[in-house]
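These are the residues of each chain, in order.
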Amino acid sequence: MKSSSKRKEEVNLANGGVKQSTWSKALSSNAVWEEKDEFLDVIYWFRQIIAVILGVIWGIVPLKGFLGIAIFCIINAGLLYIYFSSFQQVDEEEYGGTWELTKEGFMTSFALFLVRTSLLLFLLCRLDHILHGTALRLKTRIGGRAGHPYWSEMPGL
């Protein structure tokens, strides 16, 4: 593997000294990253895009529970690992090791995934009730634990 400083010099000469945009570098194989934070930002935003896409798919399928979360984690970490190790071929040690790159932005993408999946499941459930002529209505219980809300089906709209 070539040293990163030699790769930077070769790419600058090949580009005629013109600086590439971050997204063009992100989508081209073996790009040279002058700044460490620039590559970490790309990892972060790719992870968010993956979370939105998988959240929509999981909401439509619907894939729920531990299995859904586990598959999300495996796909999310796996795709990013393949991206930075095979597609970009960066030196992981330059960025703090494989684990640092794998966990970059993971918790925010996980939260985005959960919100997107939950919201989509709720909206699809609501749409199903509207299309079938029943509406969900928030009521308070009469008797028992008064004042605690629950959802009930109301016939008709």
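Here the structure is a predicted model, which is why all the values come from computation and not from measurement.

So, the packing of aromatic side chains
So, step 1. Scanning the model with the defined rule gives 13 aromatic pairs in all.
So, step 2. Measuring from ring centre to ring centre gives 5.1 Å for phenylalanine 39 and tyrosine 95, while their planes differ by 50°; the resulting arrangement is tilted. Of this pair, phenylalanine 39 sits in helix 3 (residues 36-60) while tyrosine 95 sits in the loop between helix 4 (65-87) and helix 5 (98-103), and the two are 56 residues apart along the sequence. Side by side, phenylalanine 39 and tyrosine 95 carry an identical accessibility label, which is buried.
So, step 3. Ring pairing ties together the aromatic residues Trp23, Trp33, Phe39, Phe46, Tyr83, Phe87 and Tyr95, which thus form one cluster.

Digging into the nonpolar core
So, step 1. Core analysis: the biggest nonpolar cluster contains 22 residues, and Trp33, Phe39 and Tyr83 have the highest contact counts within it.
So, step 2. Of all the secondary structure elements, the ones that give two or more residues to this core are helix 3, helix 4 and helix 6 (106-131).
So, step 3. Of the residues forming this core, the biggest block, 9 residues, is contributed by helix 3.
So, step 4. Here tyrosine 83 is in contact with Ala26, Trp33, Phe39, Val42, Ile43, Phe46 and Gln88, once residues within four sequence places are set aside.

Quick word on the UniProt feature "transmembrane region" (unreviewed entry) in the protein
So, step 1. The UniProt entry lists residues 42-61, 66-86 and 106-127 under the feature "transmembrane region" (unreviewed entry), expressed in the numbering used here.
So, step 2. The straight-line gap between the two end C-alpha atoms of residues 42-61 is 28 Å; of that span, 95% is helix and 0% is strand.
So, step 3. The span residues 106-127 carries 100% helix and 0% strand; its end-to-end C-alpha distance comes to 31 Å.

The rules behind these values
- Residues numbered from 1 in each chain as written.
- Predicted model: local features only at pLDDT ≥ 70, side-chain atom pairs only at ≥ 80, totals over all residues.
- Heavy atoms only, no water.
- Phe/Tyr/Trp six-rings, centres within 6.5 Å; stacked < 30°, edge-to-face > 60°.
- Helix = DSSP H or I, 4+ residues; strand = E, 2+ residues; numbered from the N terminus.
- Buried < 20%, exposed > 50% of the residue type's maximum accessible area, 1.4 Å probe, protein only.
- Core = buried A, V, L, I, M, F, W, Y, C linked by side-chain atoms within 4.5 Å.
- Contact = heavy atoms within 4.5 Å.
- UniProt positions renumbered as here; feature names shortened; annotations may be inferred.

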